[in-house]
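Residue-level listing of the chains:
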Amino acid sequence: MSATKYNDPLDFVDVEALQKLMQQDSSDQAIDVPGFTAYLRASVIGQDRVCEDVPRQINRRMALEKRTKPVGVFLFAGPPGTGKTYLAKKMADFLKRTLLHFDMTNFMQAHTASMLFGSPQGYVGGPGKLTSDLDATPNALVLLDEIEKADPDILKRFLTAWNDGFVTDVRTGKQISTTKAIFILTSNAATDQLDELSERYAEDPDNLRQSAVKALQEAKFAPEVLSRIDRIFIFKRLTGLNIAKVVTLEIVALVDSLGFSVAKGGISPEIVHDIMKRQDKLGATASSRDLARFIEENIMDDLIAAKGAEHKQIRLVKQGDAIRVELVP
Ligand SMILES: Nc1ncnc2c1ncn2[C@@H]1O[C@H](COP(=O)(O)OP(=O)(O)OP(=O)(O)O)[C@@H](O)[C@H]1O
Ligand SMILES: [Mg+2]
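Residues numbered from 1 in each chain as written. Chains lettered and ligands numbered in written order. Predicted model: local features only at pLDDT ≥ 70, side-chain atom pairs only at ≥ 80, totals over all residues. Heavy atoms only, no water.

*Asks:* Can you help me understand the overall build of the protein chain in this one?
*Replies:* From N to C terminus, the protein chain includes 14 helices and 10 strands. Along the three orthogonal principal directions, the C-alpha set of the protein chain runs to about 80 × 60 × 45 Å. Relative to its full complement of 329 residues, the protein chain shows a buried share of 43%. Expressed as a percentage of contacts within the protein chain between residues at least 6 apart in sequence, the contacts between residues at least 24 apart total 70%. Total accessible area on the protein chain stands at roughly 17,600 Å², and carbon and sulfur atoms take up 52% of it. The distance from the centre of the 42 positive side-chain charges to the centre of the 45 negative ones in the protein chain is 2 Å. (Helix = DSSP H or I, 4+ residues; strand = E, 2+ residues; numbered from the N terminus. Buried < 20%, exposed > 50% of the residue type's maximum accessible area, 1.4 Å probe, protein only. Contact = heavy atoms within 4.5 Å. Areas by Shrake-Rupley, 256 points an atom, 1.4 Å probe, with all protein chains shown as cover. Lys, Arg positive; Asp, Glu negative; His and termini not counted. Charge placed at Lys NZ, Arg CZ, Asp CG, Glu CD.)

Shown next, in the form of structure tokens:
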């Protein structure tokens, strides 16, 4: 009788694939709500209500043993540059879930649906990006950014994913489960109304939801899409020192990425104030992307020029209209 020879019984199993499956089990279990909340609050400024509510919601939904729908379909609504996309990324980080990020401005025309869901047999193209990525990582966090820009028919194709717990790849015909996934949709439609409603109904979630749905419907969101959203989180416009915090964070991130560090008290208040006023002047159209670009344009060259310097700590001071980088000995 011949026996199977081995050193390690796991030689017979693709261990990496097994570990991936085990990781999915663990991401199904209840989560550390206080830890998650603290993590979000430490990263995302001025959105405390959202940072507290998101972990609670996720925890409740993950505790359900049998799910026939995704863990959650959440809408992050609010003005540009308030941390909607950023918070979704931080969620994926904390939950150790793969982030599948789709910028829905790329799906404004009906024919682009094939990029997400696959092309029919006989047509150019292959399986869809959404379907194949979800097949590979069923517990992903799917971020559908700027959802209101997507073609309405494309949005409707997400309804089976949210209602029935699966999507079908058009190319392969394979049904792919969405019951382990989290869907985050972001939008800046109806920003002013939502801002006002979130104040008025701060303590009354039922009325808030109803009136928010109404406002979004008036902003042309399809009712069947709205009715499938589990929860609407309203992001607040950043004001005062919170804007200063975001500005400062952006500066520090850029400086760090170039191998320098900022000295304590090393950013002159005039610089922060100027940038805040500039953002304010740009008004509702100002986004944090403009902010990051502005900061880059104004300090990047100096920092690159200083790269060879012996000292790696810097201070930023205002010089006329420009920003000067000073090395701290
Ligand atoms: N509340 C915040 N806390 C910390 N950083 C923030 C916050 N808001 C914005 N930022 C910074 O600005 C960058 C851009 O923000 P983000 O992309 O999340 O904005 P958004 O709300 O998604 O805007 P849009 O509606 O234009 O997509 C982030 O990567 C982050 O660095
Ligand atoms: Mg965004």
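Right, picking up where we left off after that structure.
*Asks:* Help me out: how do you make sense of the sheet that holds strand S8 (residues 261-267) in this one?
*Replies:* Whenever strands of a sheet pair, they do so through backbone hydrogen bonds, lying parallel or antiparallel. If you walk across this open sheet you meet the 3 strands as S8-S9-S10, and the pairing is mixed. Every interior strand has two partners, whereas the edge strands, S8 and strand S10 (322-328), have only one. Recorded for the sheet is a direction-independent mean angle of 40 degrees between the axes of neighbouring strands. Across 3 bridges, the pairing between S8 and strand S9 (residues 313-319) is parallel. Each residue of the ladder has a partner; that of valine 262, found in S9, is isoleucine 314. (Pairing = 2+ DSSP bridges. Axes fitted to C-alpha atoms, helices over the stretch in contact; angles between N-to-C directions.)

*Asks:* Sorry, what's going on with the domain arrangement of the protein chain here?
*Replies:* Assigned domains within the protein chain: domain 1 (12-234) and domain 2 (240-328). Each of domain 1 and domain 2 has a C-alpha centre, and these two points are 33 Å apart. (Domains from an automatic or database assignment.)

*Asks:* What am I meant to see in the site of ligand 1 here?
*Replies:* Around ligand 1, the structure places 16 residues, and the nearest of them are Ile45, Gly81, Thr85, Asn188 and Glu250. The contact in question runs from an oxygen atom of ligand 1 to an N or O atom on the side chain of asparagine 188, over 2.6 Å. Listed by contribution, the elements that provide at least two residues to the shell around ligand 1 are helix H4 (84-95), helix H12 (240-257) and helix H14 (288-305). If you tally residues by element for the shell around ligand 1, the top one is H4, at 3 residues. Looking at the shell around ligand 1 residue by residue, the class counts come to 6 nonpolar, 7 polar and 3 charged. When residues of the shell around ligand 1 are assigned to domains, at least three map to each of domain 1 (12-234) and domain 2 (240-328). (Near = heavy atom within 4 Å. Polar contact = N/O pair within 3.5 Å; in protein donor to acceptor, adjacent residues only side chain to side chain. Nonpolar A, V, L, I, M, F, W, Y, C, P; charged D, E, K, R; others polar.)

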